[in-house]
Amino acid sequence: MRSLDDAELEELAARLFVSYDEGWAGDAPLTDELIARVEADLGYRLPEDYIALMRRRNGGLLACSVFSYMEKDRNGRPCACELLVRGISGIGFQNPCALCGEMGSRFWEAPGNWNYPHIGIYFAEEDSGHGLYALDYRDCGQSGEPSVVNIYHEGFKITRLADNFADFVRRLRSDIAE
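Cut-off values and rules
- Residues numbered from 1 in each chain as written.
- Predicted model: local features only at pLDDT ≥ 70, side-chain atom pairs only at ≥ 80, totals over all residues.
- Heavy atoms only, no water.
- Helix = DSSP H or I, 4+ residues; strand = E, 2+ residues; numbered from the N terminus.
- Rg over C-alpha atoms; globule rule 2.2 N^0.38 Å.
- Buried < 20%, exposed > 50% of the residue type's maximum accessible area, 1.4 Å probe, protein only.
- Contact = heavy atoms within 4.5 Å.
- Arc of directions from axis to C-beta.
- Polar contact = N/O pair within 3.5 Å; in protein donor to acceptor, adjacent residues only side chain to side chain.
- Pairing = 2+ DSSP bridges.
- Salt bridge = Lys/Arg side-chain N within 4 Å of Asp/Glu carboxyl O.

Peer 1: Please clarify how the overall build of the protein chain should be interpreted in this entry.
Peer 2: Scanning the protein chain for helices and strands turns up five helices and eight strands. Taken from the N to the C terminus, the helices and strands of the protein chain come in the order α-α-α-β-β-β-α-β-β-β-β-α-β. For 178 residues, the compact-globule formula gives about 16 Å, and the C-alpha radius of gyration of the protein chain, at 15 Å, lands near that figure. For the protein chain, the spread of C-alpha atoms along the principal axes amounts to about 50 × 40 × 30 Å. Within the span of the protein chain, comprising 178 residues, buried residues form 49% of the whole. Intrachain contacts of the protein chain at a sequence separation of at least 6 include 60% that bridge at least 24 residues.

Here you go:
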C-alpha cells in the first residue's frame, strides 16, 4: 500500500537528489516490464512507495543524505544518532549501483565480495562505506511491506531505522544537526 501522495512524491523527487549521478540511477524508461524483471531477479516485490518515487526520479546521489534516529547507548539510555546515506539505487540493470547493476543488491551478498546477510534488497550505502541500507523482508515475507535497516559491515550489526521506505525517505535531510 502506498502512503506517499503525489504532491509529497514530487517534493521528495525534487529535494532528495543532486542533479548529477555517480552510477546510482536506474534504467530509462522505467516501465512495468522493467520493474517486473528487477523484482524477479531480486526475488522480492518492491514497496509501492519505492516504485512511485523511482517513477519520478529513478535513483541517484543524494542531496538530503542525513538520517537521524534514536538508539540506546551502552547504559540503556536513549541516544540521538545520525547516519549518512550516499545514494538510493534506481530500478534497473545498466548502472553499476542500480538495484540489479554489477554493484547492486546481490553484489553485497556474494560470498566472494562482502557476504552481507540475505535479508532482502540492499538499496543504499553509508557515505563512509562501512555499512548498507536494506529493505528487510524477514518479518513480512517476499511480498510484504519491508522495514528499512542499516547493516554495519563490522560484525553485520543490524539496526532497524524505519517501519517502511516512505518513513525512511521522509526523514532524510540535508544537514547534520549541531
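Structure's up, so let's keep going.
Peer 1: Sorry, what's going on with helix H1 (residues 6–16) here?
Peer 2: Because an α-helix completes one turn every 3.6 residues, residues spaced three or four positions apart along the sequence face the same direction. Taken together, the buried positions of H1 are occupied by Leu9, Leu12, Ala13 and Leu16. Looking straight down H1, one finds its buried side chains confined to an arc of 100°; they lie on one side. Residues of H1 that are exposed and point more than 90 degrees away from the buried face comprise Ala7 and Ala14. As for H1, its buried residues are in contact with helix H3 (48–56), strand S1 (60–61), helix H5 (165–170) and strand S8 (172–173). With a side-chain oxygen positioned 3.2 Å from the backbone nitrogen of Ala7, the residue opening H1 is Asp5.

Peer 1: Can you walk me through the pairing of strand S2 (residues 66–72) in this structure?
Peer 2: Strand direction decides the pairing type here: S2 and strand S3 (residues 78–88), joined by seven bridges, are antiparallel. Across the sheet, the residue bridging to Ser68 is Glu82, located in S3. For S2 and S8, the ladder comprises two bridges, and the chain directions are antiparallel. When the sheet's bridge partners are listed, Val66 is paired in S8 with Arg173.

Peer 1: What is the right way to read the pattern of salt bridges from this model?
Peer 2: Pairs can form between side chains of opposite charge whenever their charged atoms are close. Per the counting criterion, the structure on display carries 15 salt bridges. Across the pair Glu8 and Arg170 runs a salt bridge whose closest N-O atoms are separated by 2.7 Å. Residue Glu8 is found in helix H1, and its partner Arg170 is found in helix H5; the two are separated by 162 residues along the sequence. On the basis of relative accessible area, Glu8 is assigned to the partly exposed category, the value being 22%. Beyond isolated ion pairs, a larger network of salt bridges with shared partners links Arg2, Asp6, Glu10 and Arg56.

The analysis is restricted to geometry; functional conclusions fall outside its scope.
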